[in-house]
Each structure stands twice: as structure tokens, then as C-alpha cells.
Amino acid sequence: MAEWGAMMRAAVAMGISPEAFWRLSLKEWRMLTVPVGPGPMARRELDEMMRAWPDIGSPSPSGEGR
């Protein structure tokens, strides 16, 4: 069961009026309140990780074995 009072207090703390709160869809509410994780890994980060922890015996990006 939803904790409407807590949700309303959170909305007001974010500057959302009660009227605007009640117009939000559940998807919109979740977008406002659910923490966002890190984005996808950048190619540079992947390359650094591959150099730091190579997969021994796996083909290299150029297709040659190690």
C-alpha cells in the first residue's frame, strides 16, 4: 500500500504542488524519485579495464590470439 503522506511530503520538498503531484503518472513519479544508476561504460573505460584485466587466451580486439 502506498504511503501517500510520505509521498506528498517528498513532492512538496521537491517544490511540487499538491495539484501537480496528483496529476503525475506513476512513471513520472518514479522518474523523479528513483535514484538513477551510472550510465553505460565509455569505450575508454572499457579499454582501460581490458588492459588491466586481460582475458588470457581470448582473442584480442584485432582478432589475434594472446
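That block above? That's the structure.
Basis of the calculations
- Residues numbered from 1 in each chain as written.
- Predicted model: local features only at pLDDT ≥ 70, side-chain atom pairs only at ≥ 80, totals over all residues.
- Heavy atoms only, no water.
- Patch = residues over 30% accessible without salt bridge, like charges linked within 9 Å, V, L, I, M, F, W, Y side chains within 5 Å.
- Areas by Shrake-Rupley, 256 points an atom, 1.4 Å probe, with all protein chains shown as cover.
- Salt bridge = Lys/Arg side-chain N within 4 Å of Asp/Glu carboxyl O.
- Helix = DSSP H or I, 4+ residues; strand = E, 2+ residues; numbered from the N terminus.
- Buried < 20%, exposed > 50% of the residue type's maximum accessible area, 1.4 Å probe, protein only.
- Arc of directions from axis to C-beta.
- Phe/Tyr/Trp six-rings, centres within 6.5 Å; stacked < 30°, edge-to-face > 60°.

**Examining a nonpolar patch on the surface**
Okay, so step 1: On the surface, Met41, Leu46, Met49 and Trp53 cluster together to form a nonpolar patch covering roughly 430 Å² of accessible area.
Okay, so step 2: Mapped onto the elements of the fold, Leu46 is located in helix 4 (residues 43–52).

**Topic: helix 1 (residues 4–13)**
Okay, so step 1: For helix 1, every residue scored as buried is listed here: Met7, Met8 and Ala11. The buried residues of helix 1 all sit within an arc of 100 degrees when viewed along its axis, so they share a single face. Exposed residues lying more than 90 degrees from the buried face of helix 1 are Arg9 and Ala13.
Okay, so step 2: Looking one or two places after helix 1, you find Gly15, whose phi comes out positive at around 90 degrees.

**Quick word on the packing of aromatic side chains**
For any pair of aromatic rings, geometry is given as the distance between the ring centres together with the angle between the planes.
Okay, so step 1: Applying the stated criterion across every chain yields a total of 3 aromatic pairs.
Okay, so step 2: Judged by centre distance (4.9 Å) and plane angle (80 degrees), the ring pair of Phe21 and Trp22 falls under edge-to-face.
Okay, so step 3: Residue classification places Phe21 among the buried positions, given a relative accessible area of 5%.
Okay, so step 4: With a relative accessible area of 53%, Trp22 lands in the exposed category.
Okay, so step 5: With a centroid separation of 5.3 Å and 90 degrees between ring planes, the pair formed by Phe21 and Trp29 is classed as edge-to-face. The pair formed by Phe21 and Trp29 is uniform in burial state, with each residue classed as buried.
Okay, so step 6: Through pairs of rings, three or more aromatic residues link up here, namely Trp4, Phe21, Trp22 and Trp29.

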